[in-house]
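So you can see what is in the structure, the chains are spelled out below.
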Amino acid sequence: MAAGKKARSWFVIIIGDRKRYGPLRVTRRLLIALFLCLAAMIVVAAACGSLLYNRQYVKLNDKLSGELNLTKQKLDLVSQERDGFAVEVGLLKARVEVNNAKKDTPLTADKKKDPAVSPEKEMVSDAIPFVSVEAVKISHDRETKTMKVRCIIKNDCSSKGYISGYVFIILNPAVGSSAERKTSPVVTLASGLPVSYKKGENFSIARFKHIEGRFHSILEKSDYASASFLVYDDGGKLRLKKDFPL
């Protein structure tokens, strides 16, 4: 009940079936506090609802981002496979041209006595000097199971300008060894050659450059018999293939 026209508090009596509660004094401050609490609860409920709503979109966005990254990886894989197929087509064309040239050229007595040359060596272009591989050093750390193959590639061109290309180092398993063939840099091989020459270590030299290949998970050095050095020019032509025994 109001205590006057300008009353700032009220007395409230609650009568139940068995018991009477009160009188309870209700002030304006209490009403304002209750109103503020109610407003705060409404704001918190709205914020929680918005957070849950946004979380659904965040999860959906993460899912779409993952699918997009997976699609990009598949596209990169397809691109690599396309490059590999292009290299294989080029190699097949080169072999066909070599075979056609052999058919058109009569064999001499000396050539008949010589053993057959492997297709890999036939594709190496030695008409113009390019680079040479020198100062090959091989070390093996049994504790870390790491083998290092170091060498120097030297500019053998008559001109004094820069030459550039790509180089691979390949470890060839020994006869009877169960070890896998390893490459540096890592690349997929097809018929003993990289499917993409651009995966090799790029170089641009006027005189020479030190090259190092690191091969891991090698317990015994004797599991490998030789190291092959493959050098491509910028156009993708195999200009040098040289083997060094280990």
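Owing to the predicted nature of the structure, the values given are computational and were not obtained by experimental measurement.

A separate point is the overall build of the protein. Along the protein, the regular secondary structure elements total three helices and twelve strands. The buried share of the protein, taken over its 246 residues, is 24%. Of the contacts made within the protein by residues no fewer than 6 positions apart, 62% connect residues no fewer than 24 positions apart. Element-wise, carbon and sulfur atoms account for 58% of the exposed surface of the protein, whose accessible area totals about 17900 Å².

What follows concerns the pattern of salt bridges. Taken as a whole and judged by the stated rule, the model has six salt bridges. When the shortest N-O distance is used, the salt bridge between Asp 233 and Arg 239 registers 3.3 Å. Since its relative accessible area comes to 13%, Asp 233 is described here as buried. For Asp 243, the salt bridge is made with Lys 241, and the minimal N-O distance between the two is 3.6 Å. A relative accessible area of 41% means that Asp 243 is categorised as partly exposed. A residue is classified by how much of its surface remains accessible, and Lys 241, at 22% relative accessible area, is partly exposed.

Structurally, the position occupied by Thr 146 is in strand E4 (residues 146–155). Since its relative accessible area comes to 12%, Thr 146 is described here as buried. A polar contact is formed between the side chain of Thr 146 and the side chain of His 216, at a distance of 3.5 Å. Setting aside residues up to four positions removed in sequence, Thr 146 forms contacts with Ser 139, His 140, Asp 141, Phe 215, His 216 and Ile 218.

So, on to the sheet that holds strand E3 (residues 131–141). Spatial strand order, E3-E4-E10: three strands in an open sheet with antiparallel pairing. Two strands bound the open sheet, and with one partner strand each, they are E3 and strand E10 (208–215). Direction aside, the axes of adjacent strands within the sheet are offset by 15° on average. Taken together, the nine bridges between E3 and E4 define a ladder with antiparallel strand orientation. By the bridge assignment for E4, Val 133 is matched with Ile 153.

Turning to the nonpolar core, a few remarks are in order. Ranked by size, the top nonpolar core spans 22 residues in total, and within it Phe 130, Val 131, Leu 171, Phe 203, Phe 229 and Val 231 carry the most contacts. In contact with Val 231, not counting residues within four places along its chain, are Phe 130, Val 131, Tyr 166, Val 167, Phe 203, Lys 237, Leu 238, Arg 239 and Leu 240. Ranked by size, the runner-up nonpolar core spans nine residues in total, among them Phe 168, Ile 170, Leu 193 and Tyr 197.

So, on to the confidence of the model for the protein. Chain-level statistics for the protein give a pLDDT mean of 77 and a share of 67% at 70 or above. Of all secondary-structure elements in the protein, the lowest mean pLDDT belongs to helix H2 (residues 109–113), at 41, while strand E5 (residues 163–173) reaches the highest, 93. Across residues 107–122 the pLDDT falls below 50, and counting only partners more than four positions away or on other chains, this stretch makes ten contacts in the model.

What follows concerns a nonpolar patch on the surface. A cluster of nonpolar residues, Leu 30, Leu 31 and Leu 34, forms a patch on the protein surface that exposes about 260 Å² of accessible area. By secondary structure assignment, the location of Leu 34 is in helix H1 (residues 28–104).

With that settled, the discussion passes to unusual backbone geometry. Cis geometry is adopted by the peptide bond preceding Pro 185, which originates at Ser 184 and carries an omega value of -5°. Topologically, Pro 185 is positioned in the loop between strand E6 (182–184) and strand E7 (189–190). Of note in the backbone geometry, Ser 191 takes a positive phi value of approximately 60° without being a glycine. Within the secondary structure, Ser 191 is located in the loop between E7 and strand E8 (193–194).

Criteria and cut-off values
Residues numbered from 1 in each chain as written. Predicted model: local features only at pLDDT ≥ 70, side-chain atom pairs only at ≥ 80, totals over all residues. Heavy atoms only, no water. Helix = DSSP H or I, 4+ residues; strand = E, 2+ residues; numbered from the N terminus. Buried < 20%, exposed > 50% of the residue type's maximum accessible area, 1.4 Å probe, protein only. Contact = heavy atoms within 4.5 Å. Areas by Shrake-Rupley, 256 points an atom, 1.4 Å probe, with all protein chains shown as cover. Salt bridge = Lys/Arg side-chain N within 4 Å of Asp/Glu carboxyl O. Polar contact = N/O pair within 3.5 Å; in protein donor to acceptor, adjacent residues only side chain to side chain. Pairing = 2+ DSSP bridges. Axes fitted to C-alpha atoms, helices over the stretch in contact; angles between N-to-C directions. Core = buried A, V, L, I, M, F, W, Y, C linked by side-chain atoms within 4.5 Å. pLDDT = per-residue confidence, 0-100. Patch = residues over 30% accessible without salt bridge, like charges linked within 9 Å, V, L, I, M, F, W, Y side chains within 5 Å.

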